[in-house]
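In case you want the letters, here they are:
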Amino acid sequence: MSDPISLEFGGHRTWLKWHRARRTITDPEFTATRILEAMRLGASVEVDLVVHADHGFAILHDLDLVHGTTGKGLVAHASAEMLRGLHLRGKDGVPIDDRVMLLEDLCGLLAANPAHPEALLQLDFKEDVARLDASSIANFAAAVTPVAATMILSGGDAAAVTVLAAATPGLKTGYDPTYPGVLQDLKAAADFAAFTKQALVTAPAAQMIYLAYELILAAADQGFDMIAAVHAEGRRVDAWTLRDTGPDAVAAALRLLALKVDQITTDDPETLVVKLAGSTV
C-alpha cells in the first residue's frame with residue numbers, strides 16, 4: 001500500500017494532510033504516535049491549539065474539555081498540570097492510553113525525533129488575538145522556535161497568526177478566511193473573486209490559504225478558479241476537510257486535483273490515497 005502522503009496528477013503534486021493527526025478514519029485525534037509517524041514519513045499533518053490557564057497551548061480542537069478528553073470544563077480554566085493528567089478519548093468516546101499533550105511536549109518530541117525534510121506540521125490556532133498576552137506569546141515562541149522549520153502556523157484570525165509568528169523566527173504562516181455561512185454570501189464569480197482577493201490582502205505573508213473544499217468547488221461552478229487566483233500570487237491552497245472516502249468525497253477530491261490544489265485535508269488519508277491512485281482526472 002502507498003504511504004498516505006501525496007499524489008501526482010497532471011504533473012502537479014497534491015499533499016494529503018492528516019487532519020487532527022489521523023492516518024485512518026478510526027484513529028483517535030492528536031496522538032503522539034501518529035504525529036511522529038507522519039513527520040517521519042514526510043507527510044503533512046495538522047493539530048489544533050487552544051490556550052490554557054497557565055498561558056500556554058494545549059493540543060486540542062475544542063474549548064471545552066468534555067469534547068475528546070476525560071476532563072470537564074473549559075481549557076482556559078485548566079492548568080498545564082491538570083491537562084497533562086487527562087486522557088484522550090477515541091472516536092467511540094472511550095478513554096485511551098494517550099494523554100493530552102501541550103505544545104511544548106509536542107515540540108520536545110519533534111526535537112528528539114527529527115522529521116523528514118518534506119514533513120510539515122500545521123499548528124491551527126483555534127482562538128483569536130484577544131486570547132494572547134505577553135506570556136502566552138513568549139511561551140509559544142520558546143516551544144516552537146527550535147523546530148519552527150518543520151511547522152506552519154494557521155488560523156482564522158490573521159492578527160493572532162501575525163503576532164505569534166513575529167515572535168518565532170523561521171515559522172511559516174497560513175490563513176483561513178472561511179467563515180460560517182460563506183456560501184450563502186457568495187453567489188457569483190465576482191463574489192468569489194473579491195473574497196479571494198481580500199483573503200490575500202488580509203494575510204500578505206501567508207504561504208498557505210486554507211479554504212473549505214465546498215467553497216472552492218462552488219466558485220468553480222460559477223466559473224472562478226480560486227486556486228489559480230491564489231497561485232497567481234505565489235501562494236498555495238489547502239482544501240478542507242474530506243470527512244470520509246465515499247463516492248461523493250472521491251468525486252470532490254478528483255475535481256480538486258484537476259484544479260491543481262496543493263493540499264487536501266482528510267480524516268482518512270490512507271484510504272483516500274488508495275482510491276485516488278486508482279482514478280484518473
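See the structure printed just above.
Residues numbered from 1 in each chain as written. Predicted model: local features only at pLDDT ≥ 70, side-chain atom pairs only at ≥ 80, totals over all residues. Heavy atoms only, no water.

Caption draft 1: Expanded view of the packing of helix 3 (residues 103-112) against helix 4 (residues 134-144). Between helix 3 and helix 4, the shortest axis-to-axis distance is 8 Å and the interhelical angle comes to 15 degrees. Taken together, the axes of helix 3 and helix 4 are roughly parallel relative to one another. Note that helix 3 runs across helix 4; the crossing there is left-handed. The segment helix 3 lies against helix 4, with L103, E104 and C107 engaging F140, A143 and V144. (Axes fitted to C-alpha atoms, helices over the stretch in contact; angles between N-to-C directions. Helix = DSSP H or I, 4+ residues; strand = E, 2+ residues; numbered from the N terminus. Parallel < 35°, antiparallel > 145°, perpendicular 65-115°, else oblique. Left-handed = near helix turned anticlockwise from the far one by under 90°. Contact = heavy atoms within 4.5 Å.)

Caption draft 2: The arrangement of the layout of surface pockets in detail. There is about 430 Å³ of room inside the largest pocket. Lining the largest pocket are 23 residues, and of these D124, K126, D176, T178 and W240 sit closest to its centre. Among the elements of the structure, strand 7 (120-125), strand 8 (151-155) and strand 11 (236-242) are those that each provide at least two residues to the lining of the largest pocket. At three residues, the largest contribution of residues to the lining of the largest pocket is made by strand 7. Partitioning the lining of the largest pocket into residue classes produces five nonpolar, nine polar and nine charged. Here the second largest pocket defines a volume of roughly 220 Å³. Its residues assigned to classes, the lining of the second largest pocket shows four nonpolar, five polar and five charged. (1 Å grid on protein atoms, 1.4 Å probe; cavity = no way out; pocket = protein on both sides within 12 Å on 5 of 7 lines; lining within 4 Å. Points joined across faces, edges and corners; volume = space filled by probe spheres on them. Nonpolar A, V, L, I, M, F, W, Y, C, P; charged D, E, K, R; others polar.)

Caption draft 3: Spotlight on the pattern of salt bridges. All told, the structure shown has 15 salt bridges when counted by the stated rule. Among the ionic pairs, R20 bridges to E29, the shortest N-O distance being 2.8 Å. E29 matches R20 in its accessibility class, with the two residues each being buried. We note a salt bridge from R34 to D27, for which the minimum N-O separation is 2.7 Å. Residue D27 is classed as buried on the basis of its relative accessible area, which comes to 9%. Linked through salt bridges whose partners overlap, the residues forming this network are R20, R22, E29, R243 and D267. (Salt bridge = Lys/Arg side-chain N within 4 Å of Asp/Glu carboxyl O. Buried < 20%, exposed > 50% of the residue type's maximum accessible area, 1.4 Å probe, protein only.)

Caption draft 4: Seen up close, helix 10 (residues 247-258). Compared with the 16 Å implied by 1.5 Å per residue over 12 residues, the 17 Å span of helix 10 between its first and last C-alpha is a close match. Looking only at helix 10, the buried set comprises A249, V250, A252, A253, L254, L256 and L257. Of the residues one or two after helix 10, K260 is the one with positive phi, at around 65 degrees. (Expected span 1.5 Å × (residues − 1).)

Caption draft 5: A look at the pairing of strand 1 (residues 6-9). Note that strand 1 and strand 2 (residues 12-18) share four bridges and pair antiparallel. Each residue of the ladder has a partner; that of E8, found in strand 2, is R13. Where strand 1 folds back on strand 2, the antiparallel hairpin that results is connected by two residues, among which G10 adopts a positive phi of roughly 60 degrees. (Pairing = 2+ DSSP bridges.)

Caption draft 6: Spatial organisation of the side chain of S154. Within the element layout of this structure, S154 appears in strand 8. For S154, a relative accessible area of 1% corresponds to the buried category. At 2.8 Å, the side chain of S154 and the side chain of Q122 are in polar contact. Those residues in contact with S154 that sit more than four places away from it in its chain are Q122, L123, D124, F125, V161, G174 and Y210. (Polar contact = N/O pair within 3.5 Å; in protein donor to acceptor, adjacent residues only side chain to side chain.)

Caption draft 7: Molecular detail of the environment of F9. Its place among the elements puts F9 in strand 1. A residue is classified by how much of its surface remains accessible, and F9, at 12% relative accessible area, is buried. Placed 267 residues apart in sequence, F9 and L276 show a C-alpha to C-alpha distance of 9.7 Å.

Caption draft 8: Region of interest: unusual backbone geometry. Cis peptide bonds are those with omega within 30 degrees of zero, and the linkage from W240 to T241 qualifies with -25 degrees. Positionally, T241 belongs in strand 11. The backbone phi angle of R20 is positive, close to 55 degrees, even though this residue is not glycine. One can find R20 in the loop between strand 2 and helix 1 (32-41). Positive phi is not limited to glycine here, since H55 has a value of about 65 degrees. With respect to the secondary-structure elements, H55 resides in the loop between strand 3 (44-51) and strand 4 (57-58). Taking the relative accessible area as the measure of exposure, H55 reaches 33% and is therefore partly exposed.

Just distances and angles here, no functional claims.
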